[in-house]
Amino acid sequence: MNAYKRNVVESKLRALHSDAERDIFRMGKGFLKSVFRPIQPADFENVYLPISEKQGEEIRQLIVDEHCQEVVEFGTSFGISTIYLADAVRQTGGKVTTTELLESKAKRALQNIKEADLEDYVEIKIGDALETLKAYPKPIDFLFLDGWKDLYLPLFQMLEPQLHQGTLIYADNMDMQGTKPYADYLWKNKKAYSSQMIHQGKGMLTRVS
Ligand SMILES: C[S@@+](CC[C@H](N)C(=O)[O-])C[C@H]1O[C@@H](n2cnc3c(N)ncnc32)[C@H](O)[C@@H]1O
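Predicted model, so just to flag it, every value in this text is computed and none were measured.

> Sorry, what's going on with unusual backbone geometry here?
If a residue is not glycine, its phi is most likely negative; likewise, a peptide bond is most likely trans. Positive phi outside glycine occurs at S77, with the angle close to 55°. Topologically, S77 is positioned in the loop between β1 (70-74) and α5 (80-92). By C-beta crowding, S77 is classed as buried, having 28 other C-beta atoms within 10 Å. Positioned with a positive phi, D117 is a non-glycine residue whose angle comes to about 65°. Topologically, D117 is positioned in the loop between α6 (103-115) and β3 (122-126). Taking the number of C-beta atoms within 10 Å as the measure of exposure, D117 has 17 and is therefore partly exposed.

> I keep staring at the site of the ligand and nothing clicks. Help me out?
The ligand sits among 20 residues. The nearest are P50, G75, S77, I80 and S81. Counting residues per element, the ones that place at least two in the shell around the ligand are α5 and β2 (95-100).

> When you look at the packing of helix α1 (residues 3-20) against α5 in this model, what are you seeing that I'm missing?
Between two packed helices, both the angle of their axes relative to each other and the distance between the axes serve to describe the pair. Interhelical geometry of α1 versus α5 gives an angle of 160° and a closest axis separation of 10 Å. Classed by the angle they form, the pair α1 and α5 counts as roughly antiparallel. For the crossing formed where α1 meets α5, the hand is left-handed. Of α5, the residues touching α1 (which contributes V9, K12, L13, L16, H17 and A20) are I80, I83 and D87.

Definitions and limits used
Residues numbered from 1 in each chain as written. Predicted model: local features only at pLDDT ≥ 70, side-chain atom pairs only at ≥ 80, totals over all residues. Helix = DSSP H or I, 4+ residues; strand = E, 2+ residues; numbered from the N terminus. Buried ≥ 20, exposed ≤ 12 C-beta atoms within 10 Å, placed from the backbone. Near = placed C-beta within 6 Å. Axes fitted to C-alpha atoms, helices over the stretch in contact; angles between N-to-C directions. Parallel < 35°, antiparallel > 145°, perpendicular 65-115°, else oblique. Left-handed = near helix turned anticlockwise from the far one by under 90°. Contact = placed C-beta atoms within 7 Å.

See the structure below:
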């Protein structure tokens, strides 16, 4: 890939990660609402909640090394992780299908992805991923889970028919309580899935046996 394209991606990522550092100041309102009722995705409409640069760089490299082409993401937010995924599939000749519940976030993600010059490699499905990824039509090579945590397991089970031997699944925020049913399911099905915790217990990488 030429140096100009690389520079466009890296500078967009740098700008987005830098803006995301201010998440902490934007989150207060969402947490305040959760005093009275359970937290909802709309409470964090103005917040990135992104993967780290280290996670993004390693996931991108993994997709390239494993030559994954069909990549599916649960939880776009403003598109930081999607840019890493799209940059990887640009190198493998694949595409990313990503899903975001909130239209306003999906619109900003698309703008960011365009500014990284990666829109040809991404389709954003707006709405609940349990609906928008229903009957997903193709075998999936890499599945990235980073949406609402208690949906990891139902979403994974819905997509299971499209996983194949060697499919990689990366789940973020595995240190959060809501992900436990997903982790338990994988540990119980050790014959089908081989998993390891990485990124100081934040990420879980699974390979379909
Ligand atoms: C942790 S953020 C994703 C961060 C993003 N992957 C990144 O690293 O830049 C989780 C996102 O999932 C979205 N989300 C939550 N529930 C969802 C659902 N049922 N379907 C699709 N997206 C959902 C939220 O609106 C939020 O933007």
